[in-house]
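The lines below spell out each chain.
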Amino acid sequence: MKKKSLLLFLLAFVFIILSACSDDKVESPTEEKETDTGATEEKEGDANATEEKEASGKLVIYTARDESVVEQVVGMFNEKYPDVQVDVLTMGAQQILERVRGEKANPQADFWWGGTQSALMVAANEELLASFKPSFDASVAAEHKDPEGRWYGEMLLPEVIMINSDILTKETGPQDWDDLLDEQWKDKIIIRGVLASGTMRTIYSSMIYRQDATSPEKGYEWLKALNENTKEYTQDPTNLYLKLARQEGTVSLWNLQDILLQKELNNQPFDYIYPKSGAPILVDGVALVKDGKNKNNAELFYEFLFEKDVRVKLAEDLFQIPARSDIAVEDMPAWYKELDLKSLEIDWTLLAEKEAEWMQHWDEKIKSK
């Protein structure tokens, strides 16, 4: 009997000890879980660095950007993503639209870099572009992006009067758009071929809109008078710069950024006059091509292009006016701080709808005459 009592006592003692050990172990998974959570957060913090290291493959870009811009930006991108092979095809913004449209069934490009607001709106309506909401979405004003995220404005381009600064000064050149129609500028004006150029299509469409927003007839008359003063239409920007530098003409119409690039980086004898009545300020944007084969790399380039330090660097080196609105003015270069941008009031939706019709009329009924 005593032996049975002792045995029962020992069993009870062992049971108590085992229960206590079990209670101690209940806390252990929680501690391990907390440790694992910390490790997970650390891994998430390293995700971007890992992404940069692992990014590889191809990226095909169609661009209307100047060669010097392409070289610098792609070089900066490849410093961050060295294993991504970037192939760039350069053409006019309108030509990009036509090419992307023609390749809709089998897209060859991943990223559209440099398109006018009108061209990008047309492409979005034709379902040529992919929707994407980048990290910088909130910093781009509603009027500078597509409501469905199919394109975003990268920079703002005031369209201005371009002059040969060896012959003319800011004071002696045409001071406003209507001055271009004066007899003194006959055969002094050289224009980049209009139909292939998004910039020129925007300027000419803006001039039609400026004369009468309800009817294009007055605008057509204005362009007819400008055509009579125009000496030549060049095939591309390179020929425009060449002829203007040779003084084959002394006046043109072009965007502010490219004028400053040619003046400051290439030592060309160019300057600009900001029209007194205001300038069409074109939103120059970017987009993902729908069903592009290298979507991930295209998104990486998208995000990179809009990084604040990249935007400041491009303003300093390449005279770009960023569409991002959250960059401190004090961080921007001196030339930017001196700008006084006066904009022509334009209904860009109407311009996108009417541009093709207006430009066809100009080509067939005005220029060809």
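Model, not experiment: these values are computed from the prediction. (Residues numbered from 1 in each chain as written. Predicted model: local features only at pLDDT ≥ 70, side-chain atom pairs only at ≥ 80, totals over all residues. Heavy atoms only, no water.)

Novice: Please clarify how the overall build of the chain should be interpreted in this entry.
Specialist: Within the chain, the secondary structure is distributed over 13 helices and eleven strands. Residues counted as buried form 48% of the 369 residues belonging to the chain. Within the chain, contacts between residues separated by at least 24 positions form 76% of all contacts whose residues are at least 6 apart in sequence. Of the roughly 18700 Å² of accessible surface on the chain, a fraction of 49% belongs to carbon and sulfur atoms. (Helix = DSSP H or I, 4+ residues; strand = E, 2+ residues; numbered from the N terminus. Buried < 20%, exposed > 50% of the residue type's maximum accessible area, 1.4 Å probe, protein only. Contact = heavy atoms within 4.5 Å. Areas by Shrake-Rupley, 256 points an atom, 1.4 Å probe, with all protein chains shown as cover.)

Novice: Just checking my understanding: could you explain the pairing of strand 3 (residues 111-115) for this structure?
Specialist: Strand 3 sits mainly inside the fold: five of its five residues count as buried. Across four bridges, strand 3 lies against strand 10 (residues 281-289) in antiparallel orientation. Residue tryptophan 112 lies in a different strand from strand 10, and its bridge partner there is alanine 287. (Pairing = 2+ DSSP bridges.)

Novice: Please explain the packing of helix 6 (residues 198-211) against helix 7 (residues 217-229) as it appears in this structure.
Specialist: Axis angle and axis distance: for two packed helices, these are the angle between their axes and the distance between the axes, and together they describe the pair. Put simply, helix 6 and helix 7 touch, their axes get as near as 7 Å, and they point 130° apart. Between helix 6 and helix 7, the crossing angle belongs to the class labelled oblique. Where helix 6 crosses over helix 7, the two elements pack in a sense that is right-handed. Residue-level contacts link Tyr204, Met207, Ile208, Arg210 and Gln211 of helix 6 to Lys218, Gly219, Tyr220, Trp222, Leu223 and Leu226 of helix 7. The class makeup of the residues in the contact of helix 6 with helix 7 is seven nonpolar, two polar and two charged. (Axes fitted to C-alpha atoms, helices over the stretch in contact; angles between N-to-C directions. Parallel < 35°, antiparallel > 145°, perpendicular 65-115°, else oblique. Left-handed = near helix turned anticlockwise from the far one by under 90°. Nonpolar A, V, L, I, M, F, W, Y, C, P; charged D, E, K, R; others polar.)

Novice: How should I be thinking about the confidence of the model for the chain in this particular structure?
Specialist: Residues shown with low pLDDT carry predicted positions that ought not to be read at fine detail. Of the residues in the chain, 85% have a pLDDT of 70 or more, and the chain-wide mean is 88. Long-range and interchain partners of residues 20-50, a stretch whose pLDDT sits below 50, account for zero contacts in this model, where long-range means more than four residues apart. (pLDDT = per-residue confidence, 0-100.)

Novice: Whenever I open this one, unusual backbone geometry confuses me. Can you help?
Specialist: Excluding glycine, most residues fall at negative phi; most peptide bonds, likewise, are trans. Of note in this structure, glutamine 247 is not a glycine but carries a positive phi near 65°. Relative to the assigned elements, glutamine 247 resides in the loop between helix 8 (237-245) and strand 8 (251-255). Among the residues examined, glutamine 247 registers a relative accessible area of 41% and is labelled partly exposed.

Novice: Is there a simple way to explain the packing of aromatic side chains in this structure?
Specialist: Think of a pair of aromatic rings as described by two things: how far the centres are apart, and how the planes are tilted against each other in angle. Using the criterion set out here, one finds 17 aromatic pairs in the structure. Measuring from centroid to centroid gives 5.1 Å for phenylalanine 132 and tyrosine 302, while their planes differ by 50°, and the two rings are tilted. Remark: tyrosine 302 occurs in helix 10 (residues 295-305) and phenylalanine 132 occurs in the loop between strand 4 (129-130) and strand 5 (152-164); sequence separation between them is 170 residues. Residue phenylalanine 132 shares its accessibility class with tyrosine 302, and that shared class is buried. Seen in terms of ring centroids, tyrosine 204 and tryptophan 362 are 5.4 Å apart; in terms of plane orientation they differ by 90°. Their pairing is edge-to-face. Residue tyrosine 204 is located in helix 6, and its partner tryptophan 362 is located in helix 13 (residues 348-367); the two are separated by 158 residues in the primary sequence. Residue tyrosine 204 shares its accessibility class with tryptophan 362, and that shared class is buried. Taken together, the ring pairs in this structure connect Phe77, Tyr81, Phe111, Trp113, Phe132, Phe136, Tyr152, Phe301, Tyr302, Phe304 and Phe306 into an aromatic cluster. For the cation-ring pair, lysine 170 lies above tyrosine 272, with the distance from its terminal atom to the ring centre recorded as 3.7 Å. (Phe/Tyr/Trp six-rings, centres within 6.5 Å; stacked < 30°, edge-to-face > 60°. Lys NZ or Arg CZ within 6 Å of the ring centre and 35° of its normal.)

Novice: How do you make sense of a negative patch on the surface when you look at a structure like this?
Specialist: There is a patch of like negative charges on the surface, built from Asp179, Asp182, Glu183 and Asp187. Its place among the elements puts aspartate 179 in the loop between strand 5 and strand 6 (189-192). (Patch = residues over 30% accessible without salt bridge, like charges linked within 9 Å, V, L, I, M, F, W, Y side chains within 5 Å. Salt bridge = Lys/Arg side-chain N within 4 Å of Asp/Glu carboxyl O. Lys, Arg positive; Asp, Glu negative; His and termini not counted. Charge placed at Lys NZ, Arg CZ, Asp CG, Glu CD.)

Novice: When you look at the side chain of threonine 116 in this model, what are you seeing that I'm missing?
Specialist: With respect to the helices, strands and loops of the structure, threonine 116 is situated in the loop between strand 3 and helix 5 (117-125). Residue threonine 116 is classed as buried on the basis of its relative accessible area of 4%. If we skip the residues at most four places from it in the chain, threonine 116 touches Ala93, Gly198, Thr199, Thr202, Leu282 and Val283.

Novice: Is there a simple way to explain the packing of helix 3 (residues 67-80) against helix 11 (residues 308-318) in this structure?
Specialist: Where helix 3 contacts helix 11, the axes come no closer than 12 Å and their chain directions differ by 150°. One way to sum up the angle between helix 3 and helix 11 is to call them roughly antiparallel. Taken as a pair, helix 3 and helix 11 cross one another with a handedness that is right-handed. The segment helix 3 lies against helix 11, with Val69, Gln72, Val73 and Met76 engaging Val310, Lys313, Leu314, Asp317 and Leu318.

Novice: Explanation requested: the environment of valine 329 in the structure shown.
Specialist: Along the chain, valine 329 turns up in the loop between strand 11 (321-322) and helix 12 (334-337). Judged by relative accessible area, valine 329 falls into the partly exposed class, the value being 46%. Valine 329 sits 17 residues away from valine 312 along the chain, and the two C-alpha atoms are 9.9 Å apart.

Novice: What am I meant to see in the nonpolar core here?
Specialist: General note: in soluble globular proteins, nonpolar side chains tend to be found buried as a group. Core analysis: the biggest nonpolar cluster contains 106 residues, and Phe111, Trp112, Trp113, Tyr204 and Leu253 have the highest contact counts within it. Counting residues per element, this core draws most heavily on helix 13, which supplies seven residues. (Core = buried A, V, L, I, M, F, W, Y, C linked by side-chain atoms within 4.5 Å.)

Novice: Just checking my understanding: could you explain the pairing of strand 9 (residues 270-273) for this structure?
Specialist: The side chains of a regular strand alternate between the sheet's two faces. In strand 9, alternate side chains face the same way, and those of Phe270 and Tyr272 on one face and Asp271 and Ile273 on the other are all buried. Summarising the sheet, strand 5 and strand 9 pair through four bridges and their orientation is antiparallel. Residue isoleucine 163 lies in a different strand from strand 9, and its bridge partner there is aspartate 271.

Novice: Any chance you could explain the pattern of salt bridges here in plain terms?
Specialist: If the charged atoms of two oppositely charged side chains come close together, the side chains can form a pair. Tallying each qualifying case throughout the model produces 22 salt bridges. Note that glutamate 126 is salt-bridged to arginine 101, the shortest N-O span being 2.8 Å. Taken together, the positions of glutamate 126 in the loop between helix 5 and strand 4 and arginine 101 in helix 4 (residues 93-102) put the pair 25 residues apart, joining distant regions of the chain. The class for glutamate 126 is partly exposed, based on a relative accessible area of 28%. Exposure remark for arginine 101: the relative accessible area of 34% places this residue in the partly exposed category. Between arginine 150 and aspartate 146 there is a salt bridge, with its nearest N and O atoms 2.8 Å apart. The exposure class assigned to arginine 150 is buried, which follows from its relative accessible area of 14%. The exposure class assigned to aspartate 146 is buried, which follows from its relative accessible area of 7%.

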